[in-house]
Amino acid sequence: QVQLVESGGGLVQAGGSLRLSCAASGGIFRINTMRWYHQAPGKQRELVATITSTGSTNYADSVKGRFTISRDNAKNTVYLQMNSLKPEDTAVYYCNAQTPNRNNYWGQGTQVTVSS
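It should be emphasised that the depicted structure is a prediction, and the values quoted were computed from it without experimental measurement.

Colleague: Would you mind going over the overall build of the protein chain with me for this structure?
Modeller: A tally of regular secondary structure across the protein chain gives zero helices and eleven strands. Element order for the protein chain, N to C, with α for helix and β for strand: β-β-β-β-β-β-β-β-β-β-β. In terms of C-alpha radius of gyration, the protein chain reaches 13 Å, essentially the compact-globule figure of 13 Å for 116 residues. In terms of its C-alpha atoms, the protein chain occupies a principal-axis envelope of roughly 40 × 25 × 20 Å. Within the protein chain, the fraction of its 116 residues that count as buried is 42%. Considering only residue pairs separated by 6 or more positions, the protein chain has 52% of its internal contacts joining residues 24 or more positions apart. Accessible area for the protein chain stands at about 6,100 Å²; split by element, carbon and sulfur atoms hold 45% of it. Looking at charge distribution, the protein chain has the averaged site of its 11 positive side-chain charges lying 7 Å from that of its 6 negative ones.

What follows is the structure, given as structure tokens:
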């Protein structure tokens, strides 16, 4: 069983930055693929960024060049650095952990609001 706790959300002006953190407990963090999703009001949850156990990363086209996902296996934490934020980035951001046997775990989410 993996538990995930996100933090770092908040209100920021367009063009600003935020760094989200997701602290994991339980399981073996370093072998899990970690992802960040976001969900805007009235919309489906969408994949934002992925980082594998080997450190390979992938991003949604909408955030490429602005967001960076990283992980610190010593701290069992994954991060999402968000720069040049836009109002359309406003959403609840969720951390996801996928184990090698494809079990999925979710955090409770953290709200990001970008004002214009």
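Colleague: How should I be thinking about the sheet that holds strand β3 (residues 18-25) in this particular structure?
Modeller: The pairing of strands in a sheet happens through backbone hydrogen bonds and is either parallel or antiparallel. Within the open sheet, the four strands sit side by side as β1-β3-β8-β7. Their pairing is antiparallel. Edge positions in the open sheet fall to β1 (3-7) and β7 (67-72), since each of these has one partner strand only. Pairwise comparison of adjacent strand axes, ignoring direction, gives a mean angle of 15° for this sheet. The sheet contact formed by β1 and β3 spans five bridges and is antiparallel.

Colleague: Please explain the packing of aromatic side chains as it appears in this structure.
Modeller: Geometry of an aromatic ring pair is reported as the spacing of the ring centres plus the angle between the planes. Under the definition given, this model contains one aromatic pair. Note that R45 overlies the ring of Y94, its terminal NZ or CZ placed 3.7 Å from the centroid. The lysine or arginine in question, R71, covers the ring of F29, its NZ or CZ lying 4.7 Å from the ring centre.

Colleague: I keep staring at the environment of I28 and nothing clicks. Help me out?
Modeller: With respect to the secondary-structure elements, I28 resides in the loop between β3 and β4 (33-39). Taking the C-alpha atoms as reference, I28 lies 31 Å from T90; in sequence the two are 62 residues apart.

About the cut-offs
Residues numbered from 1 in each chain as written. Predicted model: local features only at pLDDT ≥ 70, side-chain atom pairs only at ≥ 80, totals over all residues. Heavy atoms only, no water. Helix = DSSP H or I, 4+ residues; strand = E, 2+ residues; numbered from the N terminus. Rg over C-alpha atoms; globule rule 2.2 N^0.38 Å. Buried < 20%, exposed > 50% of the residue type's maximum accessible area, 1.4 Å probe, protein only. Contact = heavy atoms within 4.5 Å. Areas by Shrake-Rupley, 256 points an atom, 1.4 Å probe, with all protein chains shown as cover. Lys, Arg positive; Asp, Glu negative; His and termini not counted. Charge placed at Lys NZ, Arg CZ, Asp CG, Glu CD. Pairing = 2+ DSSP bridges. Axes fitted to C-alpha atoms, helices over the stretch in contact; angles between N-to-C directions. Phe/Tyr/Trp six-rings, centres within 6.5 Å; stacked < 30°, edge-to-face > 60°. Lys NZ or Arg CZ within 6 Å of the ring centre and 35° of its normal.

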